[in-house]
Amino acid sequence: MLEIKNLHTSVLDIDDSEILKGIDLSVGKGEIHAIMGPNGSGKSTLANVLMGRFDYVVTEGEITLDGESILDLRPDQRAHLGMFLAFQYPAEIPGVRPWQFLKAALDSKAEARGEEKMTVRNFSKLFDEKVGAVGINPTLVKRSLNEGFSGGEKKRNEMLQLEVLQPTLAILDETDSGLDVDALRIVAEGVNSMRSPGRSFIVVTHYQRLLNYITPDVVHILVNGKIVNTGGPELALEVEKDGYKKYLVTSEATA
Amino acid sequence: MTNQNTISRESDLSGGEYKWGFVTDVETDLAPKGLSEDIVRLISSKKGEPEWLLEWRLKAYRYWVGLNEADAEPDWAMIEYPKIDYQDIYYYAAPKGTNEAPKSLDDVDPKMLETFEKLGIPLQERAALAGVAVDAVFDSISVATTMEKQLGELGIIFCSFSEAVKNHPDLIKKYLGSVVPYTDNFFAALNAAVFSDGSFVYIPPGVRCPIELMTYFRINTEGSGQFERTLIVADKGAYVSYLEGCTAPFRKTSQLHAATVELIALDDAEIKYSTIQNWFPGTPDGEGGVYNFVTKRGRADRNSKISWTQVETGSAITWKYPSVILRGDNSVGEFFSVALVNNHQQADTGTKMIHIGKNTKSTIVSKGISAGKGNNTYRGQVQIMPGAENAVNHTQCDSLLVGDECGAHTVPYIEVRNPTARLEHEASTSKVSDDQLFYLMARGLSEEEAHHMIITGWSRDVIKELPFEFALEASQLLKVSLEGAVG
Ligand SMILES: Nc1ncnc2c1ncn2[C@@H]1O[C@H](COP(=O)(O)OP(=O)(O)OP(=O)(O)O)[C@@H](O)[C@H]1O
Ligand SMILES: [Mg+2]
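Bear in mind the structure is a predicted one, so any value in this text is a computation, not a measurement.

Asks: Report on the pairing of strand 20 (residues 392-402) of chain B, specifying residues and quantitative values.
Replies: All names here are of chain B. Within strand 20, nine of the eleven residues are buried, which leaves it mostly tucked inside the rest of the structure. Two elements, strand 18 (residues 361-371) and strand 20, share eleven bridges in a ladder whose sense is parallel. Of the residues in strand 20, the one forming a bridge with Ser 362 is Asn 393. Relative to strand 22 (residues 422-431), strand 20 runs parallel, the two sharing ten bridges. Pairing of His 394 across the sheet is with Glu 424, part of strand 22.

Structure representation (structure tokens):
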């Protein structure tokens, strides 16, 4: 489904700002990949670049989705292809209701794909159902999008969007950070229930804890802009125990 | 747009972004250009006005001449425009054959009805269905007033200003100029001298007007000014919600619009006045457009409330400060405004809240959006007079910048002459952030949709004050007005 080859990325308009330094990653249909790594190693940058954020430039390498390059596509076009990013730090948008925002998102996706728009009535039903499923306080969705939401509420709101939009490739950037135990279980249940042969996940996390609930097919360790190790779920346990020390030494040695 | 001839002639001016820019081919009855006592007399006689009104106009005219000779056109606002040649303007332009106000819709020139249809005005049955009564002012003459009968049964008067002069002279005589005297300012004096028509509303004591009243203004004739006058009186305990909308065709030359609006809320009454102002803003290069110099003021008696809501997206220049004189105890004044400037538009707008009575309360929410090379100034004055015990004002004044070439300015004046007053002032300036744009686009919204959503969301506190149908229209207008600034 997703192929990343030798991806190098810098910050737009800043010299010598390379963050991703040659990433290779291949995510097959129906797979769940976990990415772990120390603070500042480039995990969010990778997630943002995959989604097409403007302030990064890809200086080398290729990203393809189902065999087609997506490098020239805008974020909205990538979303229309079924990509989704649950943000580590979701933006606050004053005066915009989550309901209105999600309906507009679904509508533009339907329009781009030449599909029928969902009726307001059906959408309302779906929305209410998902609000219940992710355990968002219903008064919250009457407020402005993310404005004044607590950290955990923001993350639940990202899950709500994930469940309504039903993407085929979902990237979750630390959606488990800042969550209480119940919320953590909700995130895991959400991912597990959406898990299907046609849908893939990239889950960025600092905690092995989440991987107790979501069993990843592959775990990658990202250090200093490079994937330094790839393995099965046992890799996460090892990181939990030993940290990233051994990778930091080798990555500095090779840098 | 069906008026092919005119469209092809006019559309090269603007890149086609202003979709209200069609011109209607109706024969027009024009008085010669220029301003003189004779013109004032001509306007008055065309309208068959009584002597006292002519006298009032002439006094206003002479006062204006004095100001003009003293070069007293206001120059304190943050707007720049070439000197207006007041002798190069038509002060009277009426569609031919409408010297007599039409008796029913059947008497109205079908071409004109077509224009209003293009404007999306629900004029005929649609009006009744939508529960809207419309008074449409085309250049200078009020064309058709709908639902007059239904309103009449409640004793509500909603008609053109000229008709009111004929049929309700006592009310006009009592209230005309009582809130905005012709001596108030340069443009108020000009308007008083040459105003051609406008709307009049009277709601009897204790009556709640069951529908929104609405007037649409449109300038059609090239080189003509529009000087309409609106007078709304809500008698004791009455309520009315009134909306005005404005458009004008593409014109390479600028057009002058100097209107006056007076509101009178007697004891316990409430007036809600909403404006969607979409006069032609000029071409993207800054040619043409309407100069919008407007004086709007309300008088609030005991326990009454006056609320101004405005969405200003049009005009090359906007100069307007809808105000409330809170002279009755416990009276309330509100001002909710969104002003959007794009390309070379300039807006200097705000409000004046003058607290005279005890326990008077005012709220000001101003949202200025600047895009392109636009310049947006909020100018507000809150005055607490010595007798205004326990007056309260809350002012919130936000600016949003789209791009790097636009400007936003805030000029608040506060004068407090009673120590019991409580005033709060909040101000903010923000930009549409990349984080917000990326967030929305990552969910599938185009860049334009994302901007539109951020901007209407940001303006929500004001837009939600508009009657529902107009809230949608306002949001659409913000979108259209931003075209070219984003993407
Ligand atoms: N737009 C930017 N401008 C400048 N530096 C940036 C930018 N984006 C990322 N960086 C830098 O790139 C590095 C990687 O950042 P990134 O956010 O991808 O880390 P991360 O692995 O997600 O970290 P964390 O675990 O703390 O979330 C950091 O040093 C960060 O400061
Ligand atoms: Mg991160």
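Past the structure itself, the notes keep going.
Asks: Account for the interface of chain B and chain A, naming residues and giving values.
Replies: Counting residues at the interface gives 18 residues for chain B and 34 residues for chain A. Here chain B meets chain A over a buried area of about 2100 Å², counting both sides, of which 67% is carbon and sulfur. If you sort the residues of chain B by the area they bury against chain A, Phe 438, Tyr 439 and Arg 443 of chain B come out on top, with a joint share of 39%. Along the contact surface separating chain B from chain A lie two salt bridges. Note that Arg 443 of chain B is salt-bridged to Glu 158 of chain A, the shortest N-O span being 2.7 Å. Summed over the shared surface of chain B and chain A, the number is eleven residue pairs in polar contact (both at pLDDT 80 or more). Elements supplying a minimum of two residues to the side of chain B that touches chain A: helix 10 (434-441) and helix 11 (447-458) of chain B. Across the side of chain B that touches chain A, the residue classes break down as nine nonpolar, four polar and five charged.

Asks: Got a sec to walk through the layout of surface pockets? Specific residues and values, please.
Replies: Estimated volume of the largest pocket: approximately 900 Å³. As for the largest pocket, its lining consists of 32 residues, and the residues nearest its centre are Gln 100 of chain A together with His 452, Met 453, Thr 456 and Ser 475 of chain B. Among the elements that make up the lining of the largest pocket, the one with the highest residue count is helix 3 (residues 98-112) of chain A (seven residues). Of the residues belonging to the lining of the largest pocket, the class tally is nine nonpolar, twelve polar and eleven charged.

Asks: If you had to explain the coordination of the magnesium ion (ligand 2) to someone new, which residues and values would you point to?
Replies: Residues and elements named next belong to chain A. Here the magnesium ion (ligand 2) is held by the protein donor atoms Ser 44 (OG) and Gln 88 (OE1), which lie 2.0 to 2.1 Å from it. Taken as a pair, Ser 44 in helix 1 (residues 43-51) and Gln 88 in the loop between strand 6 (83-86) and helix 3 lie far apart in primary sequence, 44 residues in all. Accessibility expressed as a relative area gives 16% for Gln 88, which makes it buried.

Asks: Any chance you could break down the packing of helix 4 (residues 120-133) of chain A against helix 5 (residues 151-165) of chain A for me, citing the residues and the numbers?
Replies: All names here are of chain A. Across the interface, helix 4 lies against helix 5 with an axial gap of 10 Å and an inter-helix angle of 135 degrees. In this view, helix 4 runs oblique relative to helix 5, as classed from their interaxial angle. Crossing hand, helix 4 versus helix 5: right-handed. Residues Phe 123, Leu 126, Phe 127, Lys 130 and Val 131 of helix 4 form the contact with helix 5, whose own contacting residues are Leu 160, Glu 163 and Val 164. For the contact of helix 4 with helix 5, the residue count by class is six nonpolar, no polar and two charged.

Asks: If you had to explain the site of ligand 1 to someone new, which residues and values would you point to?
Replies: Residue and element names in this part refer to chain A. The environment of ligand 1 is formed by 14 residues, the closest being Gly 40, Lys 43, Ser 44, Thr 45 and Tyr 56. One of the side-chain N or O atoms of His 206 is found 2.9 Å from an oxygen atom in ligand 1. Here the shell around ligand 1 gets three residues from one element, more than from any other, and that element is helix 1. When the residues that make up the shell around ligand 1 are grouped by side-chain class, the tally is four nonpolar, eight polar and two charged.

Asks: Break down empty space enclosed by the protein for me, with residues and values.
Replies: All names here are of chain B. Under the counting rule described, the total for this entry stands at five cavities of 30 Å³ or more. Of the volumes computed, that of the second largest cavity is approximately 80 Å³. Together, 15 residues line the second largest cavity, and Ser 366, Gly 368, Asn 376, Thr 377 and Tyr 378 are the ones closest to its centre. Residues that form the lining of the second largest cavity fall into these classes: four nonpolar, nine polar and two charged.

About the cut-offs
Residues numbered from 1 in each chain as written. Chains lettered and ligands numbered in written order. Predicted model: local features only at pLDDT ≥ 70, side-chain atom pairs only at ≥ 80, totals over all residues. Heavy atoms only, no water. Buried < 20%, exposed > 50% of the residue type's maximum accessible area, 1.4 Å probe, protein only. Helix = DSSP H or I, 4+ residues; strand = E, 2+ residues; numbered from the N terminus. Pairing = 2+ DSSP bridges. Contact = heavy atoms within 4.5 Å. Buried area = accessible area lost by both parts, 1.4 Å probe. Salt bridge = Lys/Arg side-chain N within 4 Å of Asp/Glu carboxyl O. Polar contact = N/O pair within 3.5 Å; in protein donor to acceptor, adjacent residues only side chain to side chain. Nonpolar A, V, L, I, M, F, W, Y, C, P; charged D, E, K, R; others polar. 1 Å grid on protein atoms, 1.4 Å probe; cavity = no way out; pocket = protein on both sides within 12 Å on 5 of 7 lines; lining within 4 Å. Points joined across faces, edges and corners; volume = space filled by probe spheres on them. Donors = N, O, S within 2.8 Å, 3.2 Å for Na, K, Ca; no water. Axes fitted to C-alpha atoms, helices over the stretch in contact; angles between N-to-C directions. Parallel < 35°, antiparallel > 145°, perpendicular 65-115°, else oblique. Left-handed = near helix turned anticlockwise from the far one by under 90°. Near = heavy atom within 4 Å.

Honestly, that's just the spatial picture; any functional story needs more than this.
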